[in-house]
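Below, each chain spelled out in residue letters.
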Amino acid sequence: QLIATFNRLQAEHQRFMQHLASQGLTGDLDLMQRLMLKTSARNRLVGEISEIHTGAVNDDVRLSLPGGQIVRATITRESTQELGLKPGREVIALIKASAVMVARQEAGGLRLSADNQIPGRVAQRRAGAVNDEIVIDLDGGGTLVAIITRDSAERLALAEGGEVYAVFAASSVILGVMD
């Protein structure tokens, strides 16, 4: 009985999806699914895989954001295979706000080991008792949120409109796909 019910539901779902496709609505459905994803990560960036550098254990996956920035993610080779990742595939990159550091360009320059150093401007600084939330508008569109100590925000003199870099390690990026 259960298997028969499942088969009927599956057949009905297939008919529904074919109807949506005939109406040209599958793209809208994909967008709605993307917007419905709930996660505790403050940062969700949608991009397209541009390159995958395969390693023995981990892969270096690079995705292009709509603004042209490249985000690097280090994930296991097994995950690359399970997610069916390949160049051209759309993915969602999740980064916790606490994993994002904020840097400013100084006269002497700044060299960091973090793979991701994405330019932008401070859109908003929300002060807290201990930590501040920094919302960064990325060049070309999109935003990233960083949670940094209030002392760090003061030391960097962060103010709306100021040029900054959102900095995070490739190992802090979680990739997801919509099947």
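Check the entry above for the structure.
Quick caveat, the model's predicted, so the values are computed rather than measured.

**Let's talk about the overall build of the protein chain**
Check the secondary structure of the protein chain and you find four helices and ten strands. Each helix (α) and strand (β) of the protein chain, taken in turn from the N terminus, gives the series α-α-β-β-β-α-β-β-β-β-β-α-β-β. By the compact-globule yardstick of 16 Å for 179 residues, the protein chain is too spread out, its C-alpha radius of gyration being 20 Å. For the protein chain, the spread of C-alpha atoms along the principal axes amounts to about 70 × 40 × 30 Å. The buried share of the protein chain, taken over its 179 residues, is 31%. A separation threshold of at least 6 residues defines the contact pool for the protein chain, and within that pool the share at least 24 residues apart is 60%. Surface exposure of the protein chain reaches about 11,100 Å², of which carbon and sulfur atoms provide 52%.

**A short note on the pattern of salt bridges**
Taken as a whole, this structure holds nine salt bridges when the rule is applied. With a closest N to O distance of 2.2 Å, Glu133 and Arg42 form a salt bridge. With Glu133 in strand β7 (residues 131-138) and Arg42 in the loop between α2 (26-36) and β1 (43-53), this residue pair connects regions lying 91 residues apart in the sequence. Classification of Glu133 as buried rests on a relative accessible area of 12%.

Procedures and definitions
- Residues numbered from 1 in each chain as written.
- Predicted model: local features only at pLDDT ≥ 70, side-chain atom pairs only at ≥ 80, totals over all residues.
- Heavy atoms only, no water.
- Helix = DSSP H or I, 4+ residues; strand = E, 2+ residues; numbered from the N terminus.
- Rg over C-alpha atoms; globule rule 2.2 N^0.38 Å.
- Buried < 20%, exposed > 50% of the residue type's maximum accessible area, 1.4 Å probe, protein only.
- Contact = heavy atoms within 4.5 Å.
- Areas by Shrake-Rupley, 256 points an atom, 1.4 Å probe, with all protein chains shown as cover.
- Salt bridge = Lys/Arg side-chain N within 4 Å of Asp/Glu carboxyl O.

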